[in-house]
2 protein chains.
Amino acid sequence: MHFLITGAAGFIGQLVAQTILNEEQYTVLLTDVIDPPIPEGVKYPQNAKILRADLCSAAESVVEKNLDAVYIFHGIMSSGSEENFELGMRVNVEATRSLLETLRKICPGVRVIYASSQAVYGRPVPDIVDESIRPTPESSYGAEKLICETLVNDYTRRGFIDGFSLRFPTVSIRPGKPTAAASSFLSGMIREPLKGQESVIPLQDRSFTSWVCSPRTLAGNLMHVLTVPSLSLPLHDRPINMPGTGVTIQEMIDALEKVGGKDKLKLIKEITDPAQEKILRSWANNFDNSKAYKMGFQQDPGFEQAVIDYKESLR
Amino acid sequence: MHFLITGAAGFIGQLVAQTILNEEQYTVLLTDVIDPPIPEGVKYPQNAKILRADLCSAAESVVEKNLDAVYIFHGIMSSGSEENFELGMRVNVEATRSLLETLRKICPGVRVIYASSQAVYGRPVPDIVDESIRPTPESSYGAEKLICETLVNDYTRRGFIDGFSLRFPTVSIRPGKPTAAASSFLSGMIREPLKGQESVIPLQDRSFTSWVCSPRTLAGNLMHVLTVPSLSLPLHDRPINMPGTGVTIQEMIDALEKVGGKDKLKLIKEITDPAQEKILRSWANNFDNSKAYKMGFQQDPGFEQAVIDYKESLR
């Protein structure tokens, strides 16, 4: 199979590229606005091609006729889309639409995996969220994701592509540095202490629950979607909430202690940031993922396993 | 107050222009891709300006600094958007987004009334539909309306405009000629017999129910929205289903007989068209409009009054 990954320099892009490049029969074109690296240590690095391209102006340069599936991962993240409205609309909506148009013309019917987000949900958030709940985004990022989901639905209904929109939970634990995202601490409160560095939790409520998914589970589900029959969903309704698990701050602290040792707890500070707390408390944190399970997507084994995975990755 | 109406040559555009141009204190810029007429018989025709413009390329030419409210009525209708995908996307999505961007820059915070449609709903359609139901459009027209609703929501949340998306029921009885729309017969089965012409109902089921609204009620509600406080709805959630009434084919036939006379019934043929019947049966036909009523929008008095109105308009 031959793949295209947009936003291939990003965390999820690299994660999927790594999985693909460990299978001999897979080839992939990695594209991004910077040169995307070929993930280190993969078995078949020669099966990757690298292409630096701006999808806003040059979607045609990245689409090859022999594509079997496309992962659309490029995008401006939530804080960036809120700060720079024009940039978010251009990259998150216009570049995606331009790519879908190009795919429709060059690879009609190709499987498209669009990375959407739980940010499509906004208030009122019900106690338990599933795909029947109406998305009412409260960020430009969420609105842009919802617009692209609507495009994927209509392009699929018309047979232009064979799309799925996967709404990702917060992915934790992510490697790398803290970001401006309100969710950044959900990785940082484990990652930084394991490195011997301080990390701040922006609210003082250990019962506060977040809906998260480990990188490993998400990567597995992103490969599984290649095998899902198109008619598993109605042709005009393609979003699926990817499985996650609800985890409290106390449970995350307990996992850090168990995997990293008690001394790491001293590196965690709980200091309320009212602005961040407001954003965090507006997010849905309890999902019914039975639709995904019926389609064979896997449940996340939970946060402690994610901490173990992350610790092992540091070796 | 000074208004802009896009798609001003269309039926709803002319209806609102007529209302506006009967009030001395109102002025309006009427724009369309053809020269929009000034409705005949209005009291203050001198208060209208006419501008032919293509919003796809020249949104800036139609937006004046002193606008108090904008009615966005331009668009390719449902059958046209299904037949010509590119044209529907360009006119229904891109021209609307270009207009919103221009409004944001030239008239920040302006009241925008966006004409959406019940076509945003698709299967599964629940027994009773209200604004909490998730839209799952099954036409490109419906998808394009949903995308623009999402834009209006986000532009309003950010304070760029003060928007409302009004989802119109099928407007009946419309003057003019039959169209290719599946709903065309809902006007034609009254309009044509009153003119002494034959009309075909494309299904044989007199209990079949449609959700319709008279032109007069819709026009009244389109003026009422000017007075609705912005905070009547959450800033990120601006669609409202405009009031309609459920009417069966039998009730429509009864209204024709009562208003037009028994001899008109001979001009109605019931001949099943399976393709049209399928579309018609996929539409929601029972709404809970209590959200609109709470905001002061008026209930439609029903189909018989619409027949009386139409008959009077022929004099």
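Cut-offs and rules
Residues numbered from 1 in each chain as written. Chains lettered and ligands numbered in written order. Predicted model: local features only at pLDDT ≥ 70, side-chain atom pairs only at ≥ 80, totals over all residues. Heavy atoms only, no water. Helix = DSSP H or I, 4+ residues; strand = E, 2+ residues; numbered from the N terminus. Rg over C-alpha atoms; globule rule 2.2 N^0.38 Å. Buried < 20%, exposed > 50% of the residue type's maximum accessible area, 1.4 Å probe, protein only. Contact = heavy atoms within 4.5 Å. Areas by Shrake-Rupley, 256 points an atom, 1.4 Å probe, with all protein chains shown as cover. Lys, Arg positive; Asp, Glu negative; His and termini not counted. Charge placed at Lys NZ, Arg CZ, Asp CG, Glu CD. Pairing = 2+ DSSP bridges. Axes fitted to C-alpha atoms, helices over the stretch in contact; angles between N-to-C directions. Polar contact = N/O pair within 3.5 Å; in protein donor to acceptor, adjacent residues only side chain to side chain. Domains from an automatic or database assignment. Buried area = accessible area lost by both parts, 1.4 Å probe. Salt bridge = Lys/Arg side-chain N within 4 Å of Asp/Glu carboxyl O. Nonpolar A, V, L, I, M, F, W, Y, C, P; charged D, E, K, R; others polar.

An unreviewed UniProt entry annotates chain A as NAD-dependent epimerase/dehydratase domain-containing protein of Endocarpon pusillum.

### What to know about the overall build of chain A
In terms of helices and strands, chain A carries 11 helices and 12 strands. Computed over the C-alpha atoms, the radius of gyration of chain A is 19 Å, within 12% of the 20 Å expected from 2.2 N^0.38 for a compact globule of 315 residues. Overall size of chain A, expressed as C-alpha extent along the three principal axes, is 55 × 45 × 40 Å. Going through the 315 residues of chain A one by one, you find that 57% of them count as buried. Taking as baseline every contact in chain A between residues at least 6 positions apart, the subset at least 24 positions apart corresponds to 74%. As displayed, chain A offers around 12900 Å² of accessible surface, 51% of which is attributable to carbon and sulfur atoms. Distance between charge centroids for chain A: 1 Å, based on 33 positive and 38 negative side chains.

### Considering the sheet that holds strand E4 (residues 69-72) of chain B
Residue and element names in this part refer to chain B. Spatially, E3-E2-E1-E4-E5-E6-E10 is the arrangement adopted by the seven strands of the open sheet, whose pairing is parallel. A single partner strand is all that each edge strand has here, and the edge strands are strand E3 (48-52) and strand E10 (239-241). Averaged over all adjacent pairs, the angle separating strand axes in this sheet is 20°, with direction ignored. Note that strand E1 (residues 2-6) and strand E2 (residues 27-32) share five bridges and pair parallel. Bridging from a neighbouring strand, Leu4 pairs with Leu29 of E2. With respect to the sheet, helix H1 (residues 11-20) is in contact with E1, E2, E4 and strand E6 (162-168), its orientation differing from that of E1 by roughly 165°. Here helix H7 (residues 215-224) sits on the sheet and contacts E4, strand E5 (111-117) and E6; the angle it forms with E6, its principal contact strand, is near 170°.

### Digging into unusual backbone geometry
Of the consecutive residues A:Ser172 and A:Ile173, the connecting peptide bond is found in the cis state with omega at 20°. Along the chain, the position of A:Ile173 falls in the loop between strand E7 (170-171) and helix H6 (185-194).

### Here's the deal with the sheet that holds E7(A)
Residue and element names in this part refer to chain A. One open sheet holds the three strands; their spatial order is E7-E9-E11, and the pairing between them is mixed. Two strands bound the open sheet, and with one partner strand each, they are E7 and strand E11 (245-248). One ladder, built from two bridges, connects E7 with strand E9 (residues 209-213); its direction is parallel. Looking at E9, one finds that Val171 is bridged to Cys213.

### A look at the environment of A:Glu251
All names here are of chain A. Structurally, the position occupied by Glu251 is in helix H8 (residues 249-260). Distance from Glu251 to Trp283, taken between C-alpha atoms, is 19 Å for residues 32 residues apart in sequence. Of the polar contacts made by the side chain of Glu251, one reaches the backbone nitrogen of Thr248; its length is 2.9 Å.

### Here's the deal with the domain arrangement of chain A
Where interface size is quoted, it is often the accessible area lost as the parts come together. Residue and element names in this part refer to chain A. Along its sequence, chain A is organised into domain 1 (2-169 + 214-241) and domain 2 (182-211 + 245-285 + 301-313). Relative placement of domain 1 and domain 2: their C-alpha centres are 27 Å apart. Contacts between domain 1 and domain 2 engage seven residues on the former and seven residues on the latter. Of the roughly 640 Å² buried where domain 1 meets domain 2, counting both sides, 55% is carbon and sulfur surface. As a salt-bridge pair, Arg216 and Asp309 come within 2.6 Å of each other at their nearest N and O atoms. Where domain 1 touches domain 2, the interface holds one residue pair in polar contact (both at pLDDT 80 or more). Tallied by class, residues from the side of domain 1 that touches domain 2 come to three nonpolar, three polar and one charged.

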